[in-house]
Structure formats: structure tokens, C-alpha cells
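The lines below spell out each chain.
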Amino acid sequence: MSRKSGTGVPATKRPVIVLAGEDANDRRCLRILLEARCPDMRGRLVEINSPVRLRQATGGTLASRIDKLRRLVQARAARERAEIACAFIHEDLDDADGPGYLETHTRVEKELLRSFPTAHYVLAVEEIEAWLLLFPDALASLVSSWQVPTKYRGKDTGRLTDPKHILMSEVSRTGRRYKESDAPDVLEKAVALDGFPAPLGTNRSWTRLMEDAATCCSSHISKAKKK
Ligand SMILES: [Zn+2]
């Protein structure tokens, strides 16, 4: 039986993947997408509740916030008596796609990888709601009156200003209004409808998450299994 390094305690579970995000809705969204993209993650995803605040931090502040995050991730895995296969750290950019997206993503992920052997920084442009606009059928399947206007279909949804407002005022113009807690349900519908969602349109942060999930599935989880 493998042992958690340094503790002498037998690792009783498969290595876990730890999720951190801005709130519970965001973590639920990530969980749905990661499990759909990589079924091997089912039963291995665990969450930490502390909100992530990295993108606006620099220098020593960024390093100390990441160090705090690392300790929380380690404590969460220890509670499971499991080793850590990887961590997905989510945050919204709160800005549309542009030069700032890559700059912020690169800066924070580079710093993350100083503290974590494997980790993924999921920086959503401009927020997770931009991903929902990639799935008009899922939105309509959840609430039949929700319709994505033609002008937003097949577009780069990362370039849209305030996708949450678009969902609230244009997609759910009649009938029940969209609210933030609907986001995971929309993604669950997308997965249920298509097996795995094929987006209508593009979004760099979506593509990045899908690539990170695939890398994690093929490389980070399998490496952790061999320990
Ligand atoms: Zn990974």
C-alpha cells in the first residue's frame, strides 16, 4: 500500500483532484465539465471553500496567497487520506478577452507551478456565463423560453461585454429570469444533451479548460496512479 509522503499514514484512497474557485456555483460548474471531459475524475474531485483571489495580486502578495492555497489543498487531501493528483484553480477575469487574458493567465499559472507540481489556472473570460452562451440548446432545454439571440450564436463569447447581463436581459427576456445559480444546471443539460458539449462558437478560456482537462486526464492522473 502506498503511503502519503512524510506522514507514515497509509493512503486509503485514489489520488484526488482539488477544486478551488470563487464560489460554490463555479466549483460545481468545473466539476460537471471535468467529469464529462474525463470520466476518470469521477469520485476523485474534492473542493476547498476558500475563495480564490489571485489575478490582481503581484509579487510577494501573489506568492503568499498561493502558499496559503497550497496549504489548504494539502489539508483537504489529508482529510481524504489521499495524495494529490492535481488542482484546478478557477477565477473570473471580469474583463473581456484581450491581451490582459494571456498576460494574467501566464503570470499566475507560472507562480502556481512554483508551489504545485501540477495545477491548472482556469481563468474564465469574462466570467463563466460566457461559456453558457456557447450552448443555446442547453439553455432552452433548461427553461424553454430562454433563447440566445442570433447575434450571439456562433460567436467568440469571450469578447462579449457582460455575458451575465446578456443572459438576464436578452436570453431570459420573457418568463423566468436567469440567475447565477442556474449556471451548473445549464452545463449539466449541455452534457446530458450531447454526451460531451460541442460549443456553438468559440471562447479561448473554454478551449484552454478543455485542453487542461485532457492533459490532466492523460498525464497527471495516470502519473499519480503509478505512485
Ligand atoms: Zn492536472
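Calculation rules
- Residues numbered from 1 in each chain as written.
- Predicted model: local features only at pLDDT ≥ 70, side-chain atom pairs only at ≥ 80, totals over all residues.
- Heavy atoms only, no water.
- Donors = N, O, S within 2.8 Å, 3.2 Å for Na, K, Ca; no water.
- Tetrahedral: all angles 85-135°; square planar, octahedral: opposite > 155°, others 65-115°.
- Salt bridge = Lys/Arg side-chain N within 4 Å of Asp/Glu carboxyl O.
- Helix = DSSP H or I, 4+ residues; strand = E, 2+ residues; numbered from the N terminus.
- Buried < 20%, exposed > 50% of the residue type's maximum accessible area, 1.4 Å probe, protein only.
- Expected span 1.5 Å × (residues − 1).
- Polar contact = N/O pair within 3.5 Å; in protein donor to acceptor, adjacent residues only side chain to side chain.
- Domains from an automatic or database assignment.
- Contact = heavy atoms within 4.5 Å.
- Buried area = accessible area lost by both parts, 1.4 Å probe.
- Phe/Tyr/Trp six-rings, centres within 6.5 Å; stacked < 30°, edge-to-face > 60°.
- Pairing = 2+ DSSP bridges.
- Right-handed = clockwise from strand over helix to strand, strands pointing away.
- Disulfide = S-S within 2.5 Å.

*Asks:* Which residues make up the coordination of the zinc ion, and what values go with them?
*Replies:* Distances from the zinc ion to its protein donors, namely C86 (SG), H120 (NE2), C216 (SG) and H220 (ND1), fall within the range 2.1 to 2.3 Å. One can describe the donor arrangement at the zinc ion as tetrahedral, given that its four donor atoms subtend angles of 99 to 121° at the metal.

*Asks:* Could you give an account of the pattern of salt bridges, naming the residues involved and the relevant values?
*Replies:* Inspection of every chain in the model, using the stated rule, returns 20 salt bridges. The salt bridge partner of R31 is E47, with a shortest N-O separation of 3.1 Å. Of the two residues, R31 is situated in helix α1 (residues 24-37) and E47 in strand β2 (residues 45-47); the sequence distance between them amounts to 16 residues. By relative accessible area, which is 22% here, E47 ends up partly exposed. Taken together, the shared-partner salt bridges in this structure form one network comprising R27, R31, E35 and E47.

*Asks:* Residues and numbers for α1, please.
*Replies:* Taking 1.5 Å per residue as the helical rise, α1 with its 14 residues ought to reach 20 Å, and the 20 Å between its terminal C-alpha atoms agrees with that figure. At the N-terminal boundary of α1, the capping side chain belongs to D23, with an oxygen 3.1 Å from the backbone nitrogen of N25.

*Asks:* Help me get a handle on the domain arrangement of the protein, residues and values and all.
*Replies:* Each assigned domain of the protein is listed here: domain 1 (16-125 + 203-222) and domain 2 (129-194). A straight line from the C-alpha centre of domain 1 to that of domain 2 covers 24 Å. If you look at the interface, domain 1 gives 17 residues, while domain 2 gives 17 residues. In total, about 1500 Å² of surface goes out of reach between domain 1 and domain 2, with carbon and sulfur atoms giving 66% of it.

*Asks:* How would you sum up the packing of aromatic side chains? Please name residues and give values.
*Replies:* All told, the structure shown has three aromatic pairs when counted by the stated rule. Between W131 and W206 the ring centres are 5.9 Å apart and the planes differ by 75°, which places this aromatic pair in the edge-to-face class. Taken as a pair, W131 in helix α4 (residues 129-132) and W206 in helix α8 (residues 204-226) lie far apart in primary sequence, 75 residues in all. When its relative accessible area of 4% is taken as the criterion, W206 is described as buried. Of the aromatic side chains, those joined through ring pairs into one cluster are W131, F135 and W206.

*Asks:* Tell me about the pairing of strand β4 (residues 120-124), and name the residues and values.
*Replies:* Of all five residues that make up β4, five are buried, and the element is covered over most of its length. Going residue by residue along β4, you find H120, V122 and A124 tucked away on one face and Y121 and L123 tucked away on the opposite face as well. As paired elements, strand β3 (residues 84-92) and β4 share five bridges and run parallel to each other. When the sheet's bridge partners are listed, F88 is paired in β4 with H120. One crossover worth recording links β3 to the parallel β4 by way of helix α3 (residues 99-115), and it is right-handed.

*Asks:* Explain the state of the cysteines residue by residue, including any values.
*Replies:* Applying the stated criterion to the full structure yields one disulfide. Disulfide pairing is shown between C38 and C217; the S-S distance is 2.0 Å. Across the S-S bond of C38 and C217 the torsion is about 80°, and the bridge reads as right-handed. Pair noted here: C38 is in the loop between α1 and β2 and C217 is in helix α8, with a separation of 179 residues, a long-range link. Classification of C38 by relative accessible area gives buried; the value is 0%. Here C29 stays free of any disulfide, with the sulfur of C38 as its closest cysteine sulfur at 18 Å. C29 sits in the buried class, given a relative accessible area of 1%.

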